[in-house]
Each structure stands twice: as C-alpha cells, then as structure tokens.
Amino acid sequence: MLVLSGGTGTPKLLQGLKEVADFWVVVNTAEDVWVSGNKICPDIDSVIYALAEVIDDGKWWGIKGDTFITHERLKALGFDEGMMIGDLDRATHILRSEVLRAGKSLCDATKAVANAYGVNHEIFPMCEEEVSTIVVTDEGEMHFQEFWVVRKGEPEVKDVYFKGVERAKIPEEVKMRLEREDEVLIGPSNPITSIMPILSVEDFRKKLRDKKVVAISPIIGKTPVSGPAGKLMRAKGYEVSPKGVADVYADFLDLLVVDESDEGVVEKSVATNTIMKSKEDAIRLGEFVVRLFDRV
C-alpha cells in the first residue's frame, strides 16, 4: 500500500498502521525550507519520527523531550530563526543537509535519516526539485512556514500556489513502485497544502485513476481536526467539509472515510470514529482502512 502523507494527521495514523499493514510513503516537500544553513523537511521528519516513536505527540512535530538551547542562544546573539528548532531535531537537519552537500539526492538523504532512526519503511519525497507552497494573503505573498509558523495563520487567504512545481519530476524509484502499486491511501492531512502538492508533480494525479484509492477526511462537520485547512480550502474554492475533501480528490477517489458524525453526508463514503487520541486509536483506524480495500 502507498500512503500519501503530509504532517500531523497522517503521521498519527502511520504509528498505528505500521502494526497492521505493509506500506510505503510519499511525503509532501512543498513546506520544506532552509534555516540556519540546513534543509528542514517538516513533513518527512514527522513521518520518520512517528514511525520511530520519538515524535512529540503533544504537538505532532519535533522530537519528544527536545531542548532548544541552540535556538535560544541564537536569539540571544541577535539571530531569530523564525521557527522553533529543537537541538535533537537540528541534528536530523544537519545529517540530511550533509548528505545533500555531499552531492546525494533528497531520496538518498531521506533514506539516511530513516535508517539512522531505525525506520525500515520506505519513505520518499514527492520530488527532488525545490517546490514551495506560497500563500497569497491580504498582506501579500508568503511561504507557508511564514504564514503558519511565524504569523500563526492569522492573515486572510486569497489563494495558494506551488512555486516551482511545473519543473518537478516524480523520483524514478517512486515512479517504478507506483507502476506496480494497486492500493493508495491518502491520510488525514491538509488536502490543499499537504496532498495537493504531491498530486501536482508531473502526472501523479493521473496515475492514481487506475488505482484503488481510499482517503480519510481531516475535516469533521465543518471544522478541520487541526491546522489551517479551512482557510486554505475556501481560498481554493472548496467547501470546508468532508464533501469538499472528496471534491479535491474527485477524479480518482474510490472511497472517503468520514467520521461517524458525518455518516451519509458524502456519496461513496464510509463512516467510523476518525479521532486519534492514542496509538490504540490509530491501530483501530488503520485496521478499519486496510479492510476497506477489499470493498473497492
């Protein structure tokens, strides 16, 4: 099974799914950013940290119990990184960046980081090229990290686009695996800034049309479980609801998993408890989703 992942919701699911299924992961990289000389891949790191069970499960990013000594010292020296980067987390970014500086690919760097954390699942970036999610706001254009981390998602959103995606290519390893893969799960990540960038790389979206595709809605009722998905979906013309999620994936989606409180609101959907407050919840949801592929 291929899982498409962004941050937060899907890494939560993967922590349970790993106990009940075999899968590989393609991860959004349009939120990547260089900070203090190192490349940060927040969504890739969240996937790796979740699978390694070292993720800070209070925030669902970063490493549990991390300290911020280097970040605070930099601030004291007059340099504000903008993002709160933990000391243990920074080591990950340094490892990745040194692999890249040695002339290796982002796929190679991702494997190096996953191996260092003892993660055996195959994890791939959506592309090697630099792609940036740009949020068009009432205050001008800004990188997603500035919008969400620095500005706390406060500016009004007019549009979202993915700078550089027209040059992006599906990595060869991903392309080969995708040709052989029959089952695709889209995790409960933000449809606009986590999943849409992956679908926008080359003909990735088209390649899903002959697969069995199940997606999990990250929206319950009219409220995202977490993050700024509401503002972003409205800006792209989608209803903030499970139906809006289904519309984002309409040309290839076979079945949408919605929360039990949304049962019956979307055609071609199935309802269950989608809230994950513990690993046991993630295992339960993972088992439920795996069984669905036999119905598609």
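Please read all numbers here as calculations on a predicted model, not as lab measurements.

> How would you explain the overall build of the protein if you had to name every residue and give the values?
On a plain count of helices and strands, the protein comes out with 12 helices and 14 strands. In summary, the protein has a C-alpha radius of gyration of 18 Å against a globular reference of 19 Å for 296 residues, a match within 12%. For the C-alpha atoms alone, the extent of the protein along its principal axes is close to 55 × 45 × 40 Å. Out of the 296 residues belonging to the protein, those deemed buried represent 55%. Restricting to contacts in the protein with at least 6 residues of sequence separation, those with at least 24 account for 64%. Counting every atom, the protein has about 12,700 Å² of accessible surface; 49% of that belongs to carbon and sulfur. Of the charged side chains in the protein, 38 are positive and 51 negative, and the gap between their average positions amounts to 2 Å.

> Summarise the sheet that holds strand 8 (residues 157-163); cite the residues concerned and give the values.
The strand order 7-6-8 describes an open sheet built from three strands, whose pairing is antiparallel. Each edge of the open sheet is held by one strand with a lone partner, namely strand 7 (140-143) and strand 8. Pairs of neighbouring strands in the sheet enclose a mean axial angle of 25 degrees, with direction left out of account. Where strand 6 (residues 132-137) meets strand 7, four bridges bridge the pair, whose relative direction is antiparallel. Bridged to I134 within strand 7 is H143.

> Would you mind going over the side chain of K12 in detail, with residue names and values included?
Among the secondary structure elements, K12 is positioned in helix 1 (residues 9-17). Of the buried charged residues, K12 lacks a salt bridge, with D281 as the closest side chain of opposite charge at 8.8 Å. What K12 contacts, discounting residues up to four positions off in sequence, is W60, M276 and A282.

> Go over the pattern of salt bridges with me, naming the residues and quoting the values.
Applying the stated rule across the entire model yields 23 salt bridges. For K207, the salt bridge goes to E179, with nearest N and O atoms at 3.2 Å. Separated by 28 residues along the polypeptide, K207 in helix 9 (residues 204-207) and E179 in helix 7 (residues 172-180) bring together distant segments of the chain. In this structure E179 comes out as exposed when scored by relative accessible area, which is 54%. Linked by salt bridges that have partners in common, K18, E19, E53 and K279 make up one network.

> Can you lay out the packing of helix 4 (residues 87-101) against helix 5 (residues 106-116) for me, pointing to particular residues and giving the numbers?
Between helix 4 and helix 5, whose axes approach to 9 Å, the crossing angle comes to 140 degrees. What the angle tells us is that helix 4 and helix 5 run oblique. Relative to helix 5, helix 4 is oriented so that their crossing is right-handed. For the pair helix 4 and helix 5, contact is made by T92, L95, R96, V99 and L100 and by L106, D108, A109, A112, V113 and A116, respectively. Grouping the constituent residues of the contact of helix 4 with helix 5 by class yields eight nonpolar, one polar and two charged.

> How would you summarise the packing of aromatic side chains if you had to cite specific residues and measurements?
In this structure the tally under the stated criterion is four aromatic pairs. Centroid distance Y49 to Y117: 5.4 Å. Interplanar angle 65 degrees. Geometry classified as edge-to-face. Taken together, the positions of Y49 in helix 2 (residues 42-52) and Y117 in the loop between helix 5 and strand 5 (123-125) put the pair 68 residues apart, joining distant regions of the chain. Of the residues examined, Y117 reaches a relative accessible area of 25% and is grouped as partly exposed. Above the ring of W61, the side-chain terminus of K59 is found at 3.8 Å from the ring centroid. We note R177 situated over the ring of W24; from NZ or CZ to the ring centre the distance is 4.7 Å.

About the thresholds
Along every chain, residues carry numbers that run from 1 in the direction the sequence is written. Restriction of local features to residues with pLDDT of at least 70 applies here, the model being predicted, together with a cutoff of 80 or more for giving and counting side-chain atom pairs; totals for whole chains, interfaces and linings are based on all residues. Heavy atoms throughout the structure, all of them, feed into the side-chain values; hydrogens and water do not. Going along the chain from the N terminus, every DSSP run of H or I of four or more residues is numbered as a helix, and every run of E of two or more is numbered as a strand. Radius of gyration: C-alpha atoms only; globule rule: 2.2 Å multiplied by the number of residues to the exponent 0.38. For every residue, the accessible area obtained with a 1.4 Å probe (protein chains only) is divided by the maximum for its type, and the residue is called buried under 20%, exposed over 50%, and partly exposed between those limits. The contact definition used throughout considers only heavy atoms, calling two residues in contact when any of these lie within 4.5 Å. For the accessible areas, the method is Shrake-Rupley and the probe is 1.4 Å, while residue cover comes only from the protein chains on display. Neither His nor the chain ends contribute to the count of charged residues, in which Lys and Arg are positive and Asp and Glu negative. Each charge is placed at NZ for Lys, CZ for Arg, CG for Asp and CD for Glu. Whether two strands pair comes down to DSSP finding at least two bridges between them. In this description, a line fitted to the C-alpha atoms serves as the axis of each element, helices being fitted only across the stretch in contact, and the angle between N-to-C directions of two axes falls anywhere from 0 to 180 degrees. Whenever Lys or Arg places a side-chain nitrogen within 4 Å of a carboxyl oxygen from Asp or Glu, that contact is recorded as a salt bridge. An angle below 35 degrees is read as roughly parallel, one above 145 as roughly antiparallel, one from 65 to 115 as roughly perpendicular, and any other as oblique. Note on convention: the crossing is left-handed when the near helix lies turned anticlockwise from the far helix by less than a right angle, right-handed when the turn is clockwise. Side-chain classes are defined by residue name, with Ala, Val, Leu, Ile, Met, Phe, Trp, Tyr, Cys and Pro counting as nonpolar, Asp, Glu, Lys and Arg as charged, and the others, Gly among them, as polar. Stacked, tilted and edge-to-face pairs are distinguished by plane angle, under 30 degrees for stacked and over 60 for edge-to-face with tilted covering the rest, among Phe, Tyr and Trp rings (Trp via its six-membered ring) whose centres lie within 6.5 Å. In this scheme, Lys NZ or Arg CZ marks a charge over a ring once it lies within 6 Å of the ring centre and within 35 degrees of the ring normal.

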